[in-house]
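Topology and contacts: notes
Read off the chains here:
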Amino acid sequence: MAAFPWEFMCLPQREKLGTMWLATAADLVFSRLPPQRISAPPIQLGANEKMRIALVVSAPTDLNPVAYEEVQAAIETLAQAQPEQVELLPVVNPASRKAIDKVLREKPYIFHFIGHGRFQNENGEIALVDELGEARWISANEFSELFNQHRPGIIVLQACQGAMESTSKVSVGLASKVVQQLIPVVVAMQYPVSNSTASRFACHFYKQLAQGKPADIAVQEGRREISLHESTGYRKRDFATPVIFMQVQDAQLIQRPIESFQRLNQPVVLDKPSHKQLHVKDARQSQGVKRALLIGVSKYGKGLKPLPGATKDLEEIKGILSSPQLGNFVDVKALSNPDRQEMEEAIEELFASSEKDDLVLLFFSGHGVKDSSNQLYLTTRITRKNSQGELVKTTAVSARAIHNIMNGSRSKRQVVILDCCFSAAFRKGLLVKDDRSVDLQNQLGGEGRAILASSTDYSFSQLDKQLSIYTQYLVQGIETGEADLNGDRVISLDELHEYIENKIKETLPVMTPKIYTDQEGSKIQIAKAPRDYSPVSDTPLVTPEGIKESSKADSLIILSLPMKILSKLVIVIAIVVISVLLRVAYLEKESVYCNDIIEGFHKGNKKATNTYYNDQEFKRRCNPE
């Protein structure tokens, strides 16, 4: 189904009424919504943040020339007119994987690639530039992996056949592979496209974004701009070439009009507040802001074993917390393999900047280590043990330091989730997160505070880079809604802990999750249950057999949600069908009205004749010759 050219859907021409193309209709939102187990984070541009744009040009000398100057000039004009709000990062030209990774580290909101793409042998490919300046074709998989750490809000692939899909394989095109990296919005071309058409679309796309319009509307308007040009119109397939893939319900990037953009396309009429704007506003009302810091450490110094799944945990949890339909957290930051100072400063910033009604969550996945005086330390990428096997304390962050930071915070709702423990025992296929138990209540507990831990004895991470077992059930409980034990559509911390504890008892009784909190802290609501939640499978996400053969975990995850994905597909199809039927009914009504007046005119009816010649509303609606 993904390979169908949906952008050509239309209501055919009828008497006195022209053809209506859905992909260019101003009052419709037309985009592709590929199913994803974890939702992409919402697009959000802070009030004082610049809109950073990364322009990447790949123009190999052995391929046809790439015209990028018009798009670059348009973006440069915007950045020069309002440097405090718009920033064009250094243009990447020529484009290699290393150069692309470097500009992605600057965390652009928009990543715009201009170059060559193709779809052959049932797979998408894109051309980068090698050391000799010639084309180096890489697969869709290789290209998409460039975005697995640094994820822009919008990616524009201005390359031929970037959105084309196979009719026999699932999600093998460039755009579909990229969007699987939890990219909120990907815009790509499904057919070969001329430089002039691609540039015309891109420039108009940016103008629409500048007016405060969401990305899906901007693409719709861009397709219409192509259809209005004399060289293309609807006679060619150019207007249906741009395709938008969405992993978010609301693609609103700019929450306010930017003056420099406005000058390019006057007049400006602001849209009504989007769903995401309302989501952010609601989160800042009486219940305060929900903010989270996620820390994962997979690499260590001497004496500590690596934990490949620790950083993978971050992306999964970030997805469910950022989703307005689940965690509804406004601010979620992920910190991967930090050093000691970087980690402690991030924790201090999280708690110090929070207000009384804010919900503040700290998640840590990695080794927990206890020193000779039973004090807990959270490890960093530089944490190591000395030759006697003792912790080098200056390389880790102490629980006492974190406790002091939390005590100084104004927030009265604090949650700490520790996917780590303190045991030296391990079994085949598992990595143990350090040695010996620890008293978390005394070292981290407090009033209105909740501490959740994967265990104080044994906690396990799978060897093949899948999620930690504790995190798998945490994600599953929130994402599926199964942790909503009382059915009230919200998931409290005590419900989440009970759900995880029961699941782990079924598969790893030796691992005993813990919760330390007072009555108030246990009732903190961490997430909402999804609206479309219904039990779809009793297959556990992790089983003893699955631990031994953890490479099958992905298929278990996919097979556990078919009805959920199918239900969303049915809803989307139903909405499209209803929209089309309403439009058809409207056009039918218009057709009957026009035909009655015109028929009465030809029969000499006085009232119809007067309407035919003098009624402006009739002329507007029926356009008589």
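The following paragraphs examine the structure supplied in this document. Nothing here was measured: the structure is a model prediction, and the numbers come from that model. (Residues numbered from 1 in each chain as written. Predicted model: local features only at pLDDT ≥ 70, side-chain atom pairs only at ≥ 80, totals over all residues. Heavy atoms only, no water.)

On to the overall build of the protein chain, then. What the protein chain contains, in helices and strands, is 20 helices and 24 strands. Here the protein chain holds 625 residues, and 53% of them are scored as buried. A separation threshold of at least 6 residues defines the contact pool for the protein chain, and within that pool the share at least 24 residues apart is 74%. A total accessible area of about 28,900 Å² is found for the protein chain, and carbon and sulfur atoms account for 51% of it. (Helix = DSSP H or I, 4+ residues; strand = E, 2+ residues; numbered from the N terminus. Buried < 20%, exposed > 50% of the residue type's maximum accessible area, 1.4 Å probe, protein only. Contact = heavy atoms within 4.5 Å. Areas by Shrake-Rupley, 256 points an atom, 1.4 Å probe, with all protein chains shown as cover.)

Before going further, it helps to spend a moment on the packing of helix H10 (residues 340–352) against helix H11 (residues 399–407). Look at H10 against H11: their axes get within 9 Å of each other, and the N-to-C directions meet at 20 degrees. In this view, H10 runs roughly parallel relative to H11, as classed from their interaxial angle. Handedness of the crossing formed by H10 with H11: right-handed. Contact residues: Glu344, Ile347, Glu348 and Phe351 in H10; Ala401, Ile402, Ile405 and Met406 in H11. (Axes fitted to C-alpha atoms, helices over the stretch in contact; angles between N-to-C directions. Parallel < 35°, antiparallel > 145°, perpendicular 65-115°, else oblique. Left-handed = near helix turned anticlockwise from the far one by under 90°.)

Here we come to the sheet that holds strand S18 (residues 413–419). Strand order in the open sheet formed by six strands is S13-S12-S14-S18-S20-S23, with mixed pairing between adjacent strands. With partners counted over all chains shown, the strands left at the sheet margins are strand S13 (331–336) and strand S23 (514–517), one partner each. Shown here is a sheet whose adjacent strand axes are inclined to one another by a mean of 10 degrees, direction ignored. This element, helix H9 (residues 309–322), spans strand S12 (290–296), S13, strand S14 (359–365) and S18 of the sheet and lies at about 165 degrees to S12. Against the sheet, H11 contacts S14, S18 and strand S20 (449–453), and its axis sits at roughly 150 degrees relative to S20. (Pairing = 2+ DSSP bridges.)

Attention now goes to H9. The end-to-end C-alpha distance of H9, which contains 14 residues, comes to 20 Å, matching closely the 20 Å that a straight helix rising 1.5 Å per residue would cover. Most of H9 sits out of view: 10 of its 14 residues are buried. Listed as buried for H9 are Gly309, Ala310, Asp313, Leu314, Glu316, Ile317, Gly319, Ile320, Leu321 and Ser322. (Expected span 1.5 Å × (residues − 1).)

A few words on the sheet that holds strand S6 (residues 117–120). Spatial ordering of the open sheet is given by S6-S7-S8, a layout of three strands whose pairing is antiparallel. The open sheet has two edge strands, S6 and strand S8 (135–139), and neither has a second partner. Direction aside, neighbouring strands of the sheet carry axes that sit 35 degrees apart on average.

Glancing now at the pairing of S18. Two faces, one strand: in a regular strand the side chains alternate between the faces of the sheet. With six of seven residues buried, S18 is to be regarded as a mostly interior element. Pairing geometry for S14 and S18, over seven bridges, is parallel. Of the residues in S18, the one forming a bridge with serine 365 is aspartate 419.

Another point: the environment of glutamate 344. With respect to the element layout, glutamate 344 can be found in helix H10. Placed 57 residues apart in sequence, glutamate 344 and alanine 401 show a C-alpha to C-alpha distance of 8.4 Å. Those residues in contact with glutamate 344, other than ones at most four positions away along the chain, are Val397, Ala401 and Ile405.

On to the environment of tyrosine 68, then. Checked against the element boundaries, tyrosine 68 lands in the loop between strand S3 (51–57) and helix H1 (69–81). Along the chain, tyrosine 68 and leucine 55 lie 13 residues apart, while their C-alpha atoms are 9.4 Å from each other. Those residues in contact with tyrosine 68 that lie beyond four places of it in its chain are Val57, Asn93 and Ile114.

What follows deals with the side chain of serine 227. In this structure, serine 227 sits in helix H6 (residues 215–228). Every residue in contact with serine 227, bar those within four places of it in the chain, is listed here: Thr24, Gly233, Tyr234 and Phe239.

Let's shift gears to the packing of H9 against helix H13 (residues 469–480). One way to put it is that H9 packs onto H13 with a least axis distance of 10 Å and a crossing angle of 15 degrees. One finds that H9 runs roughly parallel with respect to H13. Crossing of H9 against H13: the hand is left-handed. Residues Asp313, Glu316, Ile317 and Ile320 of H9 lie in contact with H13, whose contacting residues are Thr471, Leu474, Val475, Ile478 and Glu479. A per-class count over the contact of H9 with H13 returns five nonpolar, one polar and three charged. (Nonpolar A, V, L, I, M, F, W, Y, C, P; charged D, E, K, R; others polar.)

This part is about the nonpolar core. One finds Ile154, Val185 and Phe205 to be the most contacted residues of the largest nonpolar core, which totals 41 residues. No other element matches the seven residues that helix H5 (residues 195–210) contributes to this core. What phenylalanine 205 contacts, discounting residues up to four positions off in sequence, is Ile154, Val156, Val187, Ala215, Ala218 and Val219. Leu321, Tyr473, Leu474 and Leu496 belong to the second largest nonpolar core, which has 34 residues in total. (Core = buried A, V, L, I, M, F, W, Y, C linked by side-chain atoms within 4.5 Å.)

All right, on to helix H19 (residues 606–614) then. Within the sequence span of H19, burial applies to Ala608, Thr611 and Tyr612. Each buried residue of H19 sits inside an arc of 100 degrees when the element is viewed along its axis, so together they form one side. Facing away from the buried surface of H19 by more than 90 degrees, the exposed residues are Lys606, Lys607 and Asn614. (Arc of directions from axis to C-beta.)

Looking now at the pairing of strand S5 (residues 110–114). Counting buried positions over the five residues of S5 gives five, a clear majority of the element. Burial along S5 is two-sided: the face carrying Ile110, His112 and Ile114 and the face carrying Phe111 and Phe113 are both buried. Where S3 meets S5, five bridges bridge the pair, whose relative direction is parallel. Looking across to S5, one finds that isoleucine 53 is bridged to isoleucine 110. Sheet topology places S5 next to strand S9 (residues 154–158); five bridges connect them, and they run parallel.

For the structure shown, the criterion picks out 12 salt bridges. Between lysine 213 and glutamate 221 there is a salt bridge, and its shortest N-O distance comes to 3.9 Å. For glutamate 221, a relative accessible area of 21% puts it in the partly exposed group. Arginine 291 is the salt-bridge partner of glutamate 349, the closest N and O atoms lying 3.8 Å from each other. Placement of the pair is glutamate 349 in helix H10 and arginine 291 in strand S12, with a sequence separation of 58 residues. Overall, the relative accessible area of 36% leaves glutamate 349 in the partly exposed class. Overall, arginine 291 belongs to the buried group, its relative accessible area being 9%. Overlapping salt bridges bring together Arg291, Asp331, Lys333 and Glu349 as one network. (Salt bridge = Lys/Arg side-chain N within 4 Å of Asp/Glu carboxyl O.)

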